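Chain and residue survey
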Amino acid sequence: MTITSIISAIGNNSSVYPLIVRDCGIEVPAKILLTYNQNKKDDKEIAYLAARERFLDEYSSSAVWLGGIPLVGWLCNKFIKAKGLNPNVNLKLFNEEKDIQGIDYNIKKFKDLAPDAVKDLIKAKENKKLYEKLLAGKFVASTAIPILAMGFILPKIIFASSAKKIEKLRQENQSKKLKNPINFTQKDRFYKSTTPTFTGSWITKAANFSSQDKMAVTDGGYAIGRISTARNKNETIDLSFKMAGMMLLNYVAPKWIEKLLNKITGVELDPKILADKEFLSQIQNNTLQLPKSDNAKDLLEFVDDTKNSKTLFVKYANEFEKIKMLDNGIRDPKEYVNIKSLAKFRNDIEKFAQKATTQKDIKSFIKKAKIAKSANIISNVAISSFLLAYALPKAQFAFRKLVTGSDLEPGLAPNKK
């Protein structure tokens, strides 16, 4: 994989890659260090326990996120296929868009071009209610199970482990106090967590969500679980602040930053397109082929014309998931096309090409645009990572100090008499 491909992948704010880079590579290690430093001001033993909890919580949750969610989705797809249905038929196709797309429209249009895919459409149509229930069940399973694991089960296991260590420290300090009453410490008043019950509720019934929607729902459920399993009132407040900030900075802020940086540089296209030598050649020779307008009919007519299957527009529209093409060069009729997204993609290419043709040195212009867009992506990751890994924890610590009057982790801090 080239550097450009890597930058392109982490620049896709609708995918999981930026989250992996920010969470596992930058945010979590920084948060562990900051947590330790914040707590060691008052108590090094609590600082160790707090850092240990953060390490176990963050990385076990990441393991569920990266491994558990895909596994559940794969198992659900296997179950749906066992029922004779294809889980890739998009439910949005059941809402017909006249002369554009829809399950009946696609069956008629692609019956000779993609017969196998059309068979899947027909089966889904004939078993609509069952198919909708199966997809809804897939959504519930692929979000509820990870939420239960990350938000409820894992915290309880980690808390129980910490409680054992706290009890051991309490006994050691009690023994020291008996041997030498003058050296009395406050560590015998650690918070004792009780054996908790697995309670809580979250919204789980939805179907046909995008990958990004599912990520947000899963993290939202995780946040609810962590808050509801808090060990005391102060920890509930502390976690609420943290989780609200986490949701904002993971799912909203990067898109705001992306829009701002793109506006500053005036470059919307992905660096992979800008690095394509064929793209440069076609602009220089005025041979770049695009749909004649951003009208839905014009867009799909262009994509569905087999003569255009090798064009750069279709190639990159497929790569960036604006459309999905089958191996035979035919658009997959099972997939719903977001016309608005495809139209923007077409217009972004056209605007860039028009601007490039007015430059004296087109090659230099495109090279600078590629550098600018790559810098935008790296800057976005750096800014959002800084906000998540440093600014949010620091704000959380200040908020904690204001609310509790202590720098210590609320769930581990000793009870004050």
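Residues numbered from 1 in each chain as written. Predicted model: local features only at pLDDT ≥ 70, side-chain atom pairs only at ≥ 80, totals over all residues. Heavy atoms only, no water.

Okay, the overall build of the protein chain next. Within the protein chain, the regular secondary structure consists of 15 helices and zero strands. Per-residue burial for the protein chain yields a buried fraction of 46% across its 417 residues. Sequence-distant contacts in the protein chain: of pairs separated by 6 or more residues, those separated by 24 or more amount to 74%. Carbon and sulfur atoms make up 57% of the accessible area of the protein chain, which amounts to about 22,000 Å² in all. (Helix = DSSP H or I, 4+ residues; strand = E, 2+ residues; numbered from the N terminus. Buried < 20%, exposed > 50% of the residue type's maximum accessible area, 1.4 Å probe, protein only. Contact = heavy atoms within 4.5 Å. Areas by Shrake-Rupley, 256 points an atom, 1.4 Å probe, with all protein chains shown as cover.)

This next bit is on unusual backbone geometry. A positive phi angle is found at asparagine 286, which is not glycine, with a value near 55°. Of note, asparagine 286 is situated in the loop between α11 (277-284) and α12 (296-304). Under the relative-accessibility criterion, asparagine 286 is labelled exposed at 70%. Of note in this structure, glutamate 321 is not a glycine but carries a positive phi near 60°. Structurally, the position occupied by glutamate 321 is in the loop between α13 (312-319) and α14 (339-356).

The next thing to look at is the confidence of the model for the protein chain. A residue-level look at the protein chain finds 82% of positions with pLDDT of 70 or above and a mean pLDDT of 82. When the criterion is pLDDT under 50, residues 181-208 qualifies, and its contacts beyond four places in sequence or with other chains add up to 60 contacts. (pLDDT = per-residue confidence, 0-100.)

So, about the packing of aromatic side chains. Taken as a whole, this structure holds eight aromatic pairs when the rule is applied. Arranged with centres 6.4 Å apart and planes meeting at 70°, the rings of phenylalanine 320 and phenylalanine 345 form a pair that is edge-to-face. Here phenylalanine 320 is found in the loop between α13 and α14, whereas its partner phenylalanine 345 is found in helix α14, with 25 residues between them in sequence. Phenylalanine 320 gets classed as partly exposed once you look at its relative accessible area, which sits at 21%. (Phe/Tyr/Trp six-rings, centres within 6.5 Å; stacked < 30°, edge-to-face > 60°.)

Moving on, we get to empty space enclosed by the protein. A full pass over the atoms with the stated rule returns six cavities of 30 Å³ or more. Size it by volume and the second largest cavity reaches roughly 160 Å³. Across the lining of the second largest cavity, the residue classes break down as six nonpolar, two polar and nine charged. (1 Å grid on protein atoms, 1.4 Å probe; cavity = no way out; pocket = protein on both sides within 12 Å on 5 of 7 lines; lining within 4 Å. Points joined across faces, edges and corners; volume = space filled by probe spheres on them. Nonpolar A, V, L, I, M, F, W, Y, C, P; charged D, E, K, R; others polar.)

With that out of the way, let us pick up the side chain of arginine 231. You can see arginine 231 is positioned in the loop between α7 (211-228) and α8 (233-251). For arginine 231, a relative accessible area of 11% corresponds to the buried category. A polar contact is formed between the side chain of arginine 231 and the side chain of glutamate 53, at a distance of 2.8 Å. (Polar contact = N/O pair within 3.5 Å; in protein donor to acceptor, adjacent residues only side chain to side chain.)

At a closest axis distance of 10 Å, the pairing of α11 and helix α15 (residues 362-404) adopts a crossing angle of 140°. Judged on the interaxial angle alone, α15 and α11 are oblique. Note on packing geometry: the crossing formed by α11 with α15 is right-handed. Every residue of α15 that contacts α11 at Leu280, Ile283 and Gln284 is listed here: Ile362, Lys363 and Ile366. Tallied by class, residues from the contact of α11 with α15 come to four nonpolar, one polar and one charged. (Axes fitted to C-alpha atoms, helices over the stretch in contact; angles between N-to-C directions. Parallel < 35°, antiparallel > 145°, perpendicular 65-115°, else oblique. Left-handed = near helix turned anticlockwise from the far one by under 90°.)

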